[in-house]
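Residue-level structure breakdown
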Number of protein chains: 6
Amino acid sequence: MNKNTLTFIGCDADYAEADIVLCGIPFDGTTSFRPGARFGPASIRGDSFGIETYSPYCERVLNDIRVFDAGDLDLPFGNPQSMLTLTQERVAAFLADGKRPVLLGGEHLITLGAIRACQRRYPDLAVLHMDAHADLRTDYLGEPLSHACVLRRVWDLLGDGRIHQFGIRSGERAEFAFAAQHTHMQRFTLDGFSDVLQSLGNTPVYLTLDLDVLDPSEFCGTGTPEAGGVRFIELLACILQLHRVNLIGADVVELSPHYDPSGASTAAACKIVREILLQIKGA
Amino acid sequence: MNKNTLTFIGCDADYAEADIVLCGIPFDGTTSFRPGARFGPASIRGDSFGIETYSPYCERVLNDIRVFDAGDLDLPFGNPQSMLTLTQERVAAFLADGKRPVLLGGEHLITLGAIRACQRRYPDLAVLHMDAHADLRTDYLGEPLSHACVLRRVWDLLGDGRIHQFGIRSGERAEFAFAAQHTHMQRFTLDGFSDVLQSLGNTPVYLTLDLDVLDPSEFCGTGTPEAGGVRFIELLACILQLHRVNLIGADVVELSPHYDPSGASTAAACKIVREILLQIKGA
Amino acid sequence: MNKNTLTFIGCDADYAEADIVLCGIPFDGTTSFRPGARFGPASIRGDSFGIETYSPYCERVLNDIRVFDAGDLDLPFGNPQSMLTLTQERVAAFLADGKRPVLLGGEHLITLGAIRACQRRYPDLAVLHMDAHADLRTDYLGEPLSHACVLRRVWDLLGDGRIHQFGIRSGERAEFAFAAQHTHMQRFTLDGFSDVLQSLGNTPVYLTLDLDVLDPSEFCGTGTPEAGGVRFIELLACILQLHRVNLIGADVVELSPHYDPSGASTAAACKIVREILLQIKGA
Amino acid sequence: MNKNTLTFIGCDADYAEADIVLCGIPFDGTTSFRPGARFGPASIRGDSFGIETYSPYCERVLNDIRVFDAGDLDLPFGNPQSMLTLTQERVAAFLADGKRPVLLGGEHLITLGAIRACQRRYPDLAVLHMDAHADLRTDYLGEPLSHACVLRRVWDLLGDGRIHQFGIRSGERAEFAFAAQHTHMQRFTLDGFSDVLQSLGNTPVYLTLDLDVLDPSEFCGTGTPEAGGVRFIELLACILQLHRVNLIGADVVELSPHYDPSGASTAAACKIVREILLQIKGA
Amino acid sequence: MNKNTLTFIGCDADYAEADIVLCGIPFDGTTSFRPGARFGPASIRGDSFGIETYSPYCERVLNDIRVFDAGDLDLPFGNPQSMLTLTQERVAAFLADGKRPVLLGGEHLITLGAIRACQRRYPDLAVLHMDAHADLRTDYLGEPLSHACVLRRVWDLLGDGRIHQFGIRSGERAEFAFAAQHTHMQRFTLDGFSDVLQSLGNTPVYLTLDLDVLDPSEFCGTGTPEAGGVRFIELLACILQLHRVNLIGADVVELSPHYDPSGASTAAACKIVREILLQIKGA
Amino acid sequence: MNKNTLTFIGCDADYAEADIVLCGIPFDGTTSFRPGARFGPASIRGDSFGIETYSPYCERVLNDIRVFDAGDLDLPFGNPQSMLTLTQERVAAFLADGKRPVLLGGEHLITLGAIRACQRRYPDLAVLHMDAHADLRTDYLGEPLSHACVLRRVWDLLGDGRIHQFGIRSGERAEFAFAAQHTHMQRFTLDGFSDVLQSLGNTPVYLTLDLDVLDPSEFCGTGTPEAGGVRFIELLACILQLHRVNLIGADVVELSPHYDPSGASTAAACKIVREILLQIKGA
């Protein structure tokens, strides 16, 4: 008799046979406004049983692909450096084993650990970034390692022209000015997402999806709700095109489930995770 | 001095004079994910006083029509068979008295009891079904009497071509395959609703409206929120055409008010109930 | 060392130098359905630190303009007359000092106190009114001083042709009939807002924004949620045109934060206040 | 077929035969901190079906006595004077018909209306007052008609030695000084309650029970929770002695159910109402 | 690499070596008032990481004993008969393997399935029952298989003198009369618990703990909160004596976590489960 | 006209004249289970207006003493080291100016910063520690600077015999063993508090009060509720004796207000802060 297991619905492959690995990073230590994203991975796994394994959008079933759910990383509390090191090591191990990692946040800073590992293996990595916030600050109240700076730290690694930002509707004036010089930024909407996919060809791509890109009406379970976001069906339309690129990893961050007692935010996150998994080529 | 009465706003006709009868079926015994729909009818009655009796959409007032609010059915707990029998008997009695029943759920299984009664009286009955979920399973974990199978049980009664489904965005692969053969199903949207009404002519029509057809942004107070739904104004546009058909009964199900502490879901349900009542021909 | 101050983010001008004055009116004494709007001003100030001072919509920063936050009016409880008198006196004082007042409600009745003061100073005042409810009743259960009558009381002051209503989707039949004769009313939507601004030329304008004009999906933190409202981005598009008129005062009312535990309603209110402040000419 | 009725559980006598009349006064217009007591009566009726009609404490059943539930008073909003007049008239009518009124608040100011009626009929009336707050202010921010002044207004009517206060643990210094002169006040506890009952003999007694006398641990659903209160079983022990006096009326006030999402506060209120009803002599 | 496991904290023994087996029964199909107990087991496992494995009360550590967490039973929805059969089979299997089962409810009806299995193996079984409610009805609205009848069904199996009830404070008159004849019932308190343990000697004992025996102040996360319960430390004092009897099985039921957003109810349940596990003799 | 100030009720002295300084430390970066204590200070200030300035317990009024409310420390997020340095500096400055600091947490780690400053000024400092948790770990998952280690870090500074712990009911076996050697620990209760005060004579004393020492029934708004705590009136009885010692500073930590939507936890914290302020000698 086996111990009680709890995985995302339909993700019950063994590690050896899996093409994709799910892993939770329950960290929210640098959250500036309202913490709670640490509860994201457990909430997504638990409520995933409220959705189906079948997607009527792409007409595929999770059981047809092979996903291993590795559970959550064990993390010390209050130490961003440790979290980044542990995340990088774990992602590097997944990549070395030929797996495609899909991370469940946690706050947005976790992305830096993942991209450090991906960039080592894929030096020509491109990043798709969907978010309400630019996250391009040099530092946040003196701290360079903060969720509000994470895309700036990614730029430190990748340089100009590698980062494609969509849905951005909040930031300091200086962040928008930086983006005009150094990233591709689509403000307010997801317009142009399809063209960017077209341009990426075979480039290895990492998707970082901060769920607060969604309008708070459809996703209020997050630390910093920001009115005027994109609609779920607009986001879904983008996700349904991801099979066109060479997606080598992804993360879905900033679900803070306690702020949405209805569970609708978690349910939306579950559906998005399902659709991303079903889009990964070769899986 | 009369005992304290509590009816839906503006529904204070006596039974004898009423054309329409409201009745609550506070049952949620087969709910698979999150129960609570049993609290729907009481919540709708109580919060109906937050809306007006006048509809600026169809420019009619509830007080102009004659609706009797029969309160809720008394039900044993945990026995779907009893609930179905009692619902069928009550609806049959309303029909025998020349009334048009509008039921307030409760979970979706209640619809089966109502349609059993309606189909006996109107053998050529057609069903309009708005829902996020196909509800076409043969059984659910071995149980044939479950909210997840209710439209399949209705099909057992009515056969091919009698069921028109709209807004469906979740189900197993087999349910969508079944629908392709045996029902008319519009996936994701309400497109084509007007054409279906046109085609129905004088056929007696029963409307079953699972409120989770709405996007969770506009209706999160339900057991299984499913992202990507239709908007309230889209649903309202359909409802405002119902006077074009011979609507002989209706139900509004799956409000689970505890999951939406803001009350917005209940308020939306109240408004939908008002508009349905005002659309019933002859009333 | 200064005592602890709490102002809306970026509103730290001194009174003498300020062009705009923010002031809270924490009153909800005539609320008919669900009270709580008294907590609006404190909630808006506290959560304003979750948004930025920079607006990527109009590309301005709050720190570039001069706004003084006067805190909340001290009010006796349960006395609408006193509230109106105190509000009128305070607004009159701001106007006399050459400031443009922006009031944070509180329920909608507060608007009457403000407009009394504004109309004395600007006898040709026009009013822009965005709301789910017509608020044109003669009285409400016998009371002429009620949030449900406030625009009728304003009409008593200003007369025909001075009131422009948008987004109205609820009211009694008689209110809609009154509007057809005496106000300009756009039902359901914000269509025509731009044309009305055009027509106002240099007329002094007061904006009263009942936040329940928004769809409850985007703003459920209010006493009387009413389905079928306008979207945040539609409202924002209107607000971004306000620099075209001579806006001499404004209020933002009916946030009742306890009904939205996610904080999304308060966050939306904060963003709307920021954008209104940035639109005021001369500031 | 009867319209839907909703009464407190087991309170289904007709008016003519009833000894006791339940009546809700859904008013919270002078609440100073957090409103919501207007929802008390509806919440108590609805949740009363979660308790039994039988009391194992006094071994009586509600069905053995005759209670009529008159529903709620229709009240204009925001007008304390009207509420007081309407309450006084209604209570006077009940008394004139030989009934003993039990009122469900609403806020504490409603007590003044009831006692005005009772005192006219019973000039030697004594009042039992259980509360966290002294409610003995002369006025509250200038208003003499406020929940915070209600026992002072009662004293204006009844004079010295007629008011017995228990459990008081909050107030201004002046209120405690006033009590030392003019009322019998037991601070912090219910000690001495039994002796007071003994001393009352056949005097007609009105009980006003502000539920916030309970510790917030057992009753958090109230506008102004005040730590350090009495326990439910202590309060119950007092109530179980009420048959020893000539209780001619009572009220139970300040349940504000939205603040306790667990429903435990409402459940406690229901149980207290049941026990008070069962203690009324002659019923 | 292992799939993600989720067990109660410190319960990570393999099945073969375990003395105790934890198993969840997520069923709430006959709940009469407010459902949600199905979420109990998952909530207890998840929040168990907020407590320690060490008990300062009995000075033992969970890691010192051997507990296997078998996860939850897979159950069809809305079918009490199936649930009882499956529970009985599972418990019988545990007993056959020499394990002591500790079940996590779910509603109280689950106890019947467990006791059916235990009574077959231990015909002289005695039952310790802690609860707010007598649960001794013959039937509930015609249903004999209901949480409100569960101890009556147990009595059908065991007969007079085998059931020891504590803390009972709610029920119909007939239930209390039945108890006076057929069970040992301590009303309102846990008085006499120690004496009962003493009297049990080596009799095999099953403990069924309905957590609503606790006062709602300490445990509001339950379907039917009933004021006037026992305190946690009183309950704990009883549990700490359980090593004195031959405890062959136990259940902890009626946590409905959604009703207590603070998490305190779940935390209390976790601590109680820990202490029961540490009391089981031979483990 | 002054900018909007927000202080704890009755704490409106200027800095120069003040004897006591209130200061918030809104940090929760090392919280292991559920974050949110960062919202403690703002919540305490805002809700302090729900209590009175007068204490009927010690019969003093806040306006009689001189307290300055310095607002909150500005802190970088996610950096415990910076928080400790900034807290230490601020407390040192208060002490240098002859003020007695009372800090509002935030999580328990903040205490280390305060005690570092106090110990420099008062090398013979003694610490009174009330808490559910021992907080004596060497490290927590490798981190020595964690709320779960804070008293161990204080012991590093002060050494044996200086720390008096009360109410402790959770910890690892090793922490209880450590306490037996190096601190004075009263498990489970506050017994002996009075004797310890007696023994302290004129020793400078710092009080650190983790509010989770209270039973969750009276204080559920905290990150790690732990059943079986002390009652508010027991804690209050201890606080009311504090004037007997030379209290040179204090903190009140671990209110996490979002977990208690009733507001009762915040109300209890407000009352405790008021009583501590009124006990400080010389103030």
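In this text the structure is predicted, and so the values were computed from the model without any measurement.

A tally of helices and strands in chain A yields eight helices and ten strands. Since a compact globule built from 283 residues should have a radius of gyration of about 19 Å, the 17 Å found for chain A is in line with a globular shape. In terms of principal-axis extent, the alpha carbons of chain A reach across some 55 × 40 × 35 Å. Buried residues in chain A amount to 71% of all 283 residues. Long-range pairs, those at least 24 residues apart, make up 78% of the contacts in chain A between residues at least 6 apart in sequence. In the structure as shown, chain A presents an accessible area of about 8400 Å², 45% of it carried by carbon and sulfur atoms. Seen as two clouds, the 24 positive and the 36 negative side-chain charges of chain A have centres 4 Å apart.

Before going further, it helps to spend a moment on the relation of the copies chain C and chain D. Superposing chain C onto chain D requires a rotation of 180° together with a translation of 0.0 Å along the rotation axis, leaving an RMSD of 0.0 Å. As the rotation angle and translation indicate, the two copies are arranged about a two-fold axis. Looking at the interface residues of chain C, 100% of them are also at the interface in chain D, so both copies use one shared face.

Time to look at the interface of chain D and chain F. Counting residues at the interface gives 23 residues for chain D, matched by 24 residues for chain F. It is Phe33(D), Arg173(D) and Ala227(D) that lose the most area in chain D upon contact with chain F, and together they represent 27% of the buried surface on that side. Our count for the chain D to chain F interface comes out at five salt bridges. Note that Lys271(F) is salt-bridged to Glu226(D), the shortest N-O span being 2.7 Å. Counting the contacts that link chain D with chain F gives seven residue pairs in polar contact (both at pLDDT 80 or more). Of the residues contributing to the side of chain D that touches chain F, the split by class is nine nonpolar, five polar and nine charged.

The next point concerns the relation of the copies chain D and chain F. Rotating chain D by 120° about the axis while translating it 0.0 Å along that axis superimposes it on chain F, leaving an RMSD of 0.0 Å. Taken together, these values place the two copies in the relation of a three-fold axis. Identified as the residue of chain D closest to the rotation axis by C-alpha distance is Ser217(D), at 2.9 Å. Little of the interface of chain D is mirrored in chain F, where only 13% of its interface residues again form contacts.

Turning our eyes to something else, we now look at the sheet that holds strand S1 (residues 20-25) of chain D. All names here are of chain D. One open sheet holds the eight strands; their spatial order is S4-S1-S5-S10-S9-S6-S7-S8, and the pairing between them is parallel. The sheet terminates laterally at strand S4 (67-72) and strand S8 (184-187), the two strands that pair on one side only. Pairwise comparison of adjacent strand axes, ignoring direction, gives a mean angle of 15° for this sheet. Looking at chain direction, strand S6 (residues 126-130) and strand S9 (residues 204-210) are connected through five bridges and run parallel. Residue pairing across strands places alanine 126 opposite valine 205, the latter belonging to S9.

A few words on the sheet that holds strand S9 (residues 204-210) of chain E. Residue and element names in this part refer to chain E. Strands sit in the order S4-S1-S5-S10-S9-S6-S7-S8 across an open sheet of eight strands; the sheet is parallel. At either end of the open sheet lies a strand with only one pairing partner, and these are strand S4 (67-72) and strand S8 (184-187). Going from strand to strand, the sheet's axes swing by 15° on average, the running direction of each strand aside. Direction of pairing for strand S5 (residues 100-105) relative to strand S10 (residues 246-253): parallel, over a ladder of three bridges. Residue pairing for S10: leucine 103 is matched across the bridge by aspartate 251.

With that settled, consider the packing of helix H3 (residues 110-121) of chain B against helix H4 (residues 150-158) of chain B. How two helices sit against one another is set out by the angle between their axes and by the gap between those axes. Residue and element names in this part refer to chain B. Orientation of H3 relative to H4, taken along the N-to-C sense of each, is 15°, at an axis distance of 10 Å. Overall, the two elements H3 and H4 adopt an arrangement that is roughly parallel. Judged by the sense of rotation from one axis to the other, the crossing of H3 with H4 is right-handed. Along the contact surface, H3 presents Thr111, Leu112, Ile115, Arg116 and Gln119, while H4 presents Val150, Arg153, Val154, Leu157 and Leu158. Here the residues of the contact of H3 with H4 sort into six nonpolar, two polar and two charged.

On to the pairing of strand S5 (residues 100-105) of chain B. Residue and element names in this part refer to chain B. Within S5, five of the six residues are buried, which leaves the element mostly enclosed by the surrounding structure. As judged from the six bridges shared by strand S1 (residues 20-25) and S5, these two strands associate in the parallel manner. Residue pairing across strands places isoleucine 25 opposite glycine 105, the latter belonging to S5.

The next subject is the packing of helix H2 (residues 80-96) of chain B against H3(B). Residues and elements named next belong to chain B. One way to put it is that H2 packs onto H3 with a least axis distance of 8 Å and a crossing angle of 40°. Overall, the two elements H2 and H3 adopt an arrangement that is oblique. Two packed elements cross with a definite hand, and for H2 against H3 that hand is right-handed. Contacts from Met83, Leu84, Thr87, Gln88, Val91, Ala92, Leu95 and Ala96 of H2 reach H3 at Ile110, Leu112, Gly113, Ala114, Arg116, Ala117, Cys118, Arg120 and Arg121. Counted by class, the contact of H2 with H3 contains eleven nonpolar, three polar and three charged residues.

A separate point is the packing of aromatic side chains. Summed over the entire model, instances satisfying the criterion amount to 42 aromatic pairs over all chains. Ring centres of Phe166(A) and Phe193(A) lie 5.1 Å apart, and the angle between their planes is 70°; this geometry places the pair in the edge-to-face category. Taken as a pair, Phe166(A) in strand S7 (residues 163-168) and Phe193(A) in helix H6 (residues 193-200) lie far apart in primary sequence, 27 residues in all. Ring pairing ties together the aromatic residues Tyr15(A), Phe68(A) and Phe94(A), which thus form one cluster. Looking at Lys99(C), its charged tip hangs above the ring of Tyr15(C), at a distance of 4.9 Å from the centre.

So, how was this worked out
- Residues numbered from 1 in each chain as written.
- Chains lettered and ligands numbered in written order.
- Predicted model: local features only at pLDDT ≥ 70, side-chain atom pairs only at ≥ 80, totals over all residues.
- Heavy atoms only, no water.
- Helix = DSSP H or I, 4+ residues; strand = E, 2+ residues; numbered from the N terminus.
- Rg over C-alpha atoms; globule rule 2.2 N^0.38 Å.
- Buried < 20%, exposed > 50% of the residue type's maximum accessible area, 1.4 Å probe, protein only.
- Contact = heavy atoms within 4.5 Å.
- Areas by Shrake-Rupley, 256 points an atom, 1.4 Å probe, with all protein chains shown as cover.
- Lys, Arg positive; Asp, Glu negative; His and termini not counted.
- Charge placed at Lys NZ, Arg CZ, Asp CG, Glu CD.
- Least-squares fit on C-alpha atoms with pLDDT ≥ 70 in both.
- Buried area = accessible area lost by both parts, 1.4 Å probe.
- Salt bridge = Lys/Arg side-chain N within 4 Å of Asp/Glu carboxyl O.
- Polar contact = N/O pair within 3.5 Å; in protein donor to acceptor, adjacent residues only side chain to side chain.
- Nonpolar A, V, L, I, M, F, W, Y, C, P; charged D, E, K, R; others polar.
- Pairing = 2+ DSSP bridges.
- Axes fitted to C-alpha atoms, helices over the stretch in contact; angles between N-to-C directions.
- Parallel < 35°, antiparallel > 145°, perpendicular 65-115°, else oblique.
- Left-handed = near helix turned anticlockwise from the far one by under 90°.
- Phe/Tyr/Trp six-rings, centres within 6.5 Å; stacked < 30°, edge-to-face > 60°.
- Lys NZ or Arg CZ within 6 Å of the ring centre and 35° of its normal.

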